[in-house]
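# An overview of the molecular structure
Next come the chains, spelled out residue by residue.
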Amino acid sequence: MQSIRFIRTLAFAFIMLALSAAAQARIAVSINVAPPALPVYEQPVCPSAGYIWTPGYWAYSPGGYYWVPGTWVGAPAVGLLWTPGYWAFGNGGYVWNAGYWGPQVGFYGGIVYGFGYTGVGYQGGYWNNGQFYYNRSVNNVSTTNITNVYNKTIINNTTVNRVSYNGGPGGTTARPTAQQEAAAHGKHTPPTAVQARQQEAARANRAQLASVNHGHPPVAATSRAGEFAGAGVIGAKGATTESKTSANKPSPASTKENKTAVNKEATGANKNGGAEKNTTASRAAENKAAENKAAAARTKENQAAEQKSAAARANEQKANANKAAASRAAENKASENKATASRTKENQAAEQKSAATRANEQKASADKAAANRAAENKAAESKAAAARTKENQAAEQKSAAARANEQKANANKAAASHAASNKAAENKAAENKAAENKAAAHAAPPTASAKRGQPAARPESAPKSETPESPVTEAHARPEKAPHASAEEQSRPKKEQEKSPQ
């Protein structure tokens, strides 16, 4: 009977391990009893940068529900976030949906696990350039070893009743959104080895059973996975001192089996008859001493195994931390290279844009200068043309005035010449007439009156036809030909011409 129970227990444990390694597995066997309410506990301090909080949950074993403490876990890769598992009611029972790692937080039943898990999404932090930034309003983060922090108050619109399952009597009524459905069908990473070790350690600790701690587990949260003792262990509020003490004690299963074997051996000895009655007490004492010795040896072996397991876990954690650090360093370097390439590309684009802008500005300046020069040249040409026109007009006016003066001088000279000629002719005519008169006077005989002293009568003037041609008349008849006046002089008013001296 005990072997059958052991086989069933081993098979169930194997199933649980297989299911916890799946990205989003569901337990094939449903549980008829709802899981207990979530315990109230404080979050231990984050041990190092890059660790993400994974909330605690109720798991199930043949002994009933047991509490898997919440713990800080290093993300398996930069950029991944944890989607917690949750219990969901369906087909008359409660089925477990395992958590997973992914680039986005998916649906986790609307369970308010706290510390940034408000039932929808995760408000505890975010990834940025290969570094995880922590929201100090919901996370216990020391700024001594973690500097990527910020503060953002989280307003929870959901009634916090510490329910630990979705659907069914008293469960949450949340349903996945389209975005959460997409995240559920996306690429997932299963829980890490340290998360599986956290669940194994909780299953092996009887004090974590709900039937023992009555919903107040002595180890509600740990600073590191698999470490159930030390300063980083946080108990649930309301946990008793007895349960806290028993949480660190070794399992009494082996001692119980040894006692069963001793009792069986003692029973067989009693059946051997009265001859052996006297030696029964001594054999029992010897067996008890041997049992104590074996128990001590087993305890020592268990301690050595635990120390060896702790050292192995420490080495594994160190290896995982080194691997995670190397992965983060590589991703950071890749991000830096990508950022450098992006900046180089942006700088080149900016330089090209700046060169194009400068070329356009230079062209615009050249066009503007050319337009200014053309305008200046045109203005200069217009000014020179106007100056030339003015000079030409002045020259023409000066030339016309000179010609007018010259014509006036010529006219005056001609008039003076005419006047002199006319006067000379008149003088000559007068002289000729006087000479004629004188000759006539000498030629005529004296008359009677003359003889009587009376003045002689004036002789008749000779007929004009007989009179010699007077030079004055000839001069008037044939005046000197005046020079032809220019068109400008001809166009002068008549009064101006009359003013010229004769």
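Residues numbered from 1 in each chain as written. Predicted model: local features only at pLDDT ≥ 70, side-chain atom pairs only at ≥ 80, totals over all residues. Heavy atoms only, no water.

### Considering the pairing of strand 1 (residues 51-54)
Of the two faces of strand 1, both are covered, the one formed by Tyr51 and Trp53 as well as the one formed by Ile52 and Thr54. As paired strands, strand 1 and strand 4 (residues 70-74) are joined by four bridges and run antiparallel to one another. Looking at the pairing, Tyr51 lines up with Gly74 of strand 4. (Buried < 20%, exposed > 50% of the residue type's maximum accessible area, 1.4 Å probe, protein only. Helix = DSSP H or I, 4+ residues; strand = E, 2+ residues; numbered from the N terminus. Pairing = 2+ DSSP bridges.)

### Some details on the nonpolar core
Counting 53 residues, the largest nonpolar core has Ile52, Trp87, Tyr117 and Tyr134 as its most contacted members. Sort the elements by how many residues they give to this core and strand 3 (residues 64-68) lands first, with four residues. Once residues within four sequence positions are removed from consideration, Tyr117 is found in contact with Ile52, Trp53, Pro55, Trp82, Pro84, Tyr108, Ile111, Val112 and Tyr122. (Core = buried A, V, L, I, M, F, W, Y, C linked by side-chain atoms within 4.5 Å. Contact = heavy atoms within 4.5 Å.)

### With respect to the sheet that holds strand 14 (residues 233-234)
Pairing is mixed across the open sheet formed by four strands, whose spatial order is 1-4-13-14. Looking along the sheet, the strands with just one partner apiece sit at the ends: strand 1 and strand 14. Where strand 13 (residues 221-222) meets strand 14, two bridges bridge the pair, whose relative direction is antiparallel. Directly across from Thr222, in strand 14, lies its bridge partner Val233. Helix-sheet contacts for helix 3 (residues 193-204) involve strand 1, strand 4 and strand 13, and the interaxial angle to strand 4 is about 160 degrees. (Axes fitted to C-alpha atoms, helices over the stretch in contact; angles between N-to-C directions.)

### Comments concerning helix 3
For helix 3, spanning twelve residues, the distance from its first C-alpha to its last is 16 Å, which sits close to the expected 16 Å at 1.5 Å a residue. Along helix 3, the positions that sit buried rather than exposed are Val194, Gln195, Arg197, Gln198, Gln199 and Ala202. (Expected span 1.5 Å × (residues − 1).)

### Focus: the side chain of Gln208
Among the structural elements, Gln208 can be located in the loop between helix 3 and helix 4 (210-213). Taking relative accessible area as the criterion, Gln208 reaches 0% and is therefore assigned buried. What Gln208 contacts, discounting residues up to four positions off in sequence, is Trp58, Tyr65, Tyr66, Trp67, Pro69, Ala202, Asn213, Pro217, Pro218, Val219 and Phe228.

### Some details on the sheet that holds strand 11 (residues 149-150)
Taken in spatial order, the three strands of this open sheet run 9-10-11, and their pairing is mixed. Two strands bound the open sheet, and with one partner strand each, they are strand 9 (125-128) and strand 11. As defined by bridge partners, strand 10 (residues 131-135) adjoins strand 11 across two bridges and the pair is classed as parallel. Residue Asn135 lies in a different strand from strand 11, and its bridge partner there is Tyr150.

### Topic: unusual backbone geometry
The backbone of Asn91 sits at a positive phi, close to 55 degrees, despite the residue not being glycine. When you line up the elements, Asn91 lands in the loop between strand 6 (86-90) and strand 7 (93-97).

### What to know about the side chain of Ser164
Residue placement: Ser164 occurs in the loop between strand 11 and strand 12 (165-166). A polar contact of 2.5 Å, which involves the side chain of Ser164, links it to the backbone oxygen of Pro36. Not counting residues within four places of it along the chain, the set of residues in contact with Ser164 comprises Pro35, Pro36, Ala37, Leu38, Trp58, Trp87 and Ile111. (Polar contact = N/O pair within 3.5 Å; in protein donor to acceptor, adjacent residues only side chain to side chain.)

### Comments concerning the packing of aromatic side chains
Inspection of the entire model under this criterion finds 21 aromatic pairs. On the numbers, 5.2 Å between centres and 70 degrees between planes, the contact of Trp127 with Phe132 is edge-to-face. Among the residues examined, Trp127 registers a relative accessible area of 19% and is labelled buried. Ring pairing ties together the aromatic residues Tyr41, Trp53, Trp58, Trp67, Trp72, Phe115, Trp127, Phe132 and Tyr134, which thus form one cluster. (Phe/Tyr/Trp six-rings, centres within 6.5 Å; stacked < 30°, edge-to-face > 60°.)

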